[in-house]
Amino acid sequence: MRIDVKPLTHWVIYKGYRVRFTSRSAAHVAGILTTQEGVEIAFTYNPVVRLVQLPDAHIRINEYGWELEHSGDKTSASQ
């Protein structure tokens, strides 16, 4: 089974981040996001429900990578 990370990839591009994957499975992706300022943020991504989990925020995205729902500390996700 192939994991669809296209929505996550679009979200990363929209944010201006760089991404490094550390693990991938059918239901879970994990890695490190690097902001334009060079800040590294650990993340996990659930491709089934398209949920990006950051240390202080959870962001639900649509199939195009646009944010639908944002909960938690907005400063972590907007760096």
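Up top is the structure.
Q: So, the sheet that holds strand β1 (residues 18-25): which residues are in play, and what are the values?
A: Taken in spatial order, the six strands make up an open sheet running β1-β2-β3-β4-β5-β6, and their pairing is antiparallel. At either margin of the open sheet sits one strand with a lone partner, and together these are β1 and β6 (67-72). Adjacent strand axes in the sheet meet at a mean angle of 20° when their direction is disregarded. Alignment of strand β2 (residues 28-34) against strand β3 (residues 40-46), held across six bridges, turns out to be antiparallel. Within β3, the residue paired with V29 across the bridge is Y45. Each of β1, β2, β3, β4 (51-54), β5 (57-61) and β6 is contacted by helix α1 (residues 6-15), which is oriented at about 115° to β5, the strand it contacts most.

Q: Let's hear about unusual backbone geometry: which residues, and what values?
A: If a residue is not glycine, its phi is most likely negative; likewise, a peptide bond is most likely trans. With phi around 55°, R50 is a residue other than glycine that occupies positive phi space. Mapped onto the elements, R50 comes out in the loop between β3 and β4. For R50, a relative accessible area of 27% corresponds to the partly exposed category.

Q: Any details on the pairing of β4? Residues and values, ideally.
A: Pairing analysis gives three bridges linking β3 to β4, with the strands arranged antiparallel. Bridge pairing links N46 to L51 in β4. The loop that links β3 with its antiparallel partner β4 comprises four residues; one of these, R50, has a positive phi angle of about 55°. Strand direction decides the pairing type here: β4 and β5, joined by four bridges, are antiparallel.

Q: Before we move on, can you summarise a nonpolar patch on the surface with the specific residues and values?
A: A surface patch of nonpolar side chains, amounting to about 490 Å² of accessible area, comprises I13, Y14, Y64 and W66. Positionally, I13 belongs in helix α1.

Q: Can you lay out the nonpolar core for me, pointing to particular residues and giving the numbers?
A: If you look at soluble globular proteins, the nonpolar side chains tend to sit buried side by side. Formed by 15 residues in total, the largest nonpolar core has its most connected members in L8, W11, L33, F43, Y45, V52 and L54. Within the residue set of this core, elements represented by two or more residues are α1, β2, β3, β4 and β5.

So, how was this worked out
Residues numbered from 1 in each chain as written. Predicted model: local features only at pLDDT ≥ 70, side-chain atom pairs only at ≥ 80, totals over all residues. Heavy atoms only, no water. Pairing = 2+ DSSP bridges. Helix = DSSP H or I, 4+ residues; strand = E, 2+ residues; numbered from the N terminus. Axes fitted to C-alpha atoms, helices over the stretch in contact; angles between N-to-C directions. Contact = heavy atoms within 4.5 Å. Buried < 20%, exposed > 50% of the residue type's maximum accessible area, 1.4 Å probe, protein only. Patch = residues over 30% accessible without salt bridge, like charges linked within 9 Å, V, L, I, M, F, W, Y side chains within 5 Å. Areas by Shrake-Rupley, 256 points an atom, 1.4 Å probe, with all protein chains shown as cover. Salt bridge = Lys/Arg side-chain N within 4 Å of Asp/Glu carboxyl O. Core = buried A, V, L, I, M, F, W, Y, C linked by side-chain atoms within 4.5 Å.

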